[in-house]
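Descriptive structure summary
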Amino acid sequence: MALVLKDRVQETTTTTGTSDFILGGAVVSYQTFSAIGNGNTTFYCIAGQTGSEWEVGIGTYTSAGTTLARTTVIASSNSGSLVNFSAGTKDVFVTYPAEYTANALGGGIG
């Protein structure tokens, strides 16, 4: 299992609750999470298209069932904990968490 980052990976989901995301296919002009590779991890963000629910974390992609497991939550609209997502469409995409960038730069620039 490797940490893999890819550009322009974005899908939608209608998953509710705190379970793994069942991915619903790529957004137009983007690629699917299959670019990450089965069993690999990646940084993700999920954000509801309406409302204020969001989560950033490390997820594990599984090609069987096309799911993204919410392995580690880094930040969220639920005070950094797993979000209990309500009904509706959400965007799920690969991102690079700001916290990791600041840490890599020694806490800041300049």
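Definitions and cut-offs
- Residues numbered from 1 in each chain as written.
- Predicted model: local features only at pLDDT ≥ 70, side-chain atom pairs only at ≥ 80, totals over all residues.
- Heavy atoms only, no water.
- Salt bridge = Lys/Arg side-chain N within 4 Å of Asp/Glu carboxyl O.
- Helix = DSSP H or I, 4+ residues; strand = E, 2+ residues; numbered from the N terminus.
- Buried < 20%, exposed > 50% of the residue type's maximum accessible area, 1.4 Å probe, protein only.
- Pairing = 2+ DSSP bridges.
- Polar contact = N/O pair within 3.5 Å; in protein donor to acceptor, adjacent residues only side chain to side chain.
- Contact = heavy atoms within 4.5 Å.
- Phe/Tyr/Trp six-rings, centres within 6.5 Å; stacked < 30°, edge-to-face > 60°.

Moving on, we get to the pattern of salt bridges. Under the defined criterion, the tally for this structure stands at 1 salt bridge. Here Arg70 ties to Glu55 by a salt bridge, and the two come within 2.6 Å at their closest N and O atoms. Of this pair, Arg70 sits in strand S5 (residues 67-76) while Glu55 sits in strand S4 (residues 54-62), and the two are 15 residues apart along the sequence. Assigned by exposure class, Arg70 and Glu55 land together as buried.

Before going further, it helps to examine the sheet that holds S5. Strand order in this open sheet of 6 strands is S1-S6-S3-S4-S5-S2, and the pairing throughout is antiparallel. Edge positions in the open sheet fall to strand S1 (10-13) and strand S2 (21-22), since each of these has one partner strand only. The pairing of S2 with S5 spans 2 bridges and is antiparallel. Counted as the bridge partner of Phe21 is Leu68 from S5.

Let us now look at the side chain of Arg70. According to the relative accessible area criterion, Arg70 is buried, its value standing at 10%. Here the side chain of Arg70 touches Thr18 through a polar contact of 3.4 Å, landing on its backbone oxygen. Setting aside residues up to four positions removed in sequence, Arg70 forms contacts with Gly17, Thr18, Ser19, Asp20, Phe21, Tyr44, Glu55, Ile58, Leu82, Val83 and Phe85.

Quick look at unusual backbone geometry now. A positive phi is found at Ser29, a non-glycine position, where the angle reads about 75°. Considering the arrangement of structural elements, one finds Ser29 in the loop between S2 and strand S3 (41-48). Residue Ser29 is classed as exposed on the basis of its relative accessible area, which comes to 60%. For Thr66, which is not glycine, the phi torsion reads 40° and is therefore positive. Note on placement: Thr66 falls in the loop between S4 and S5. Since its relative accessible area comes to 33%, Thr66 is described here as partly exposed.

This part covers the packing of aromatic side chains. Under the counting rule described, the total for this entry stands at 3 aromatic pairs. Centroid distance Phe21 to Tyr44: 5.6 Å. Interplanar angle 75°. Geometry classified as edge-to-face. A residue pair is termed long-range when its members are at least 10 positions apart, and Phe21 in strand S2 and Tyr44 in strand S3 qualify at 23 residues. Taking the relative accessible area as the measure of exposure, Tyr44 reaches 0% and is therefore buried. Relative to Phe85, the ring of Phe21 lies with its centre 6.2 Å away and its plane at 65°, an arrangement referred to as edge-to-face. Linking Phe21 in strand S2 with Phe85 in the loop between S5 and strand S6 (90-94), this pair joins segments that are 64 residues apart in sequence.

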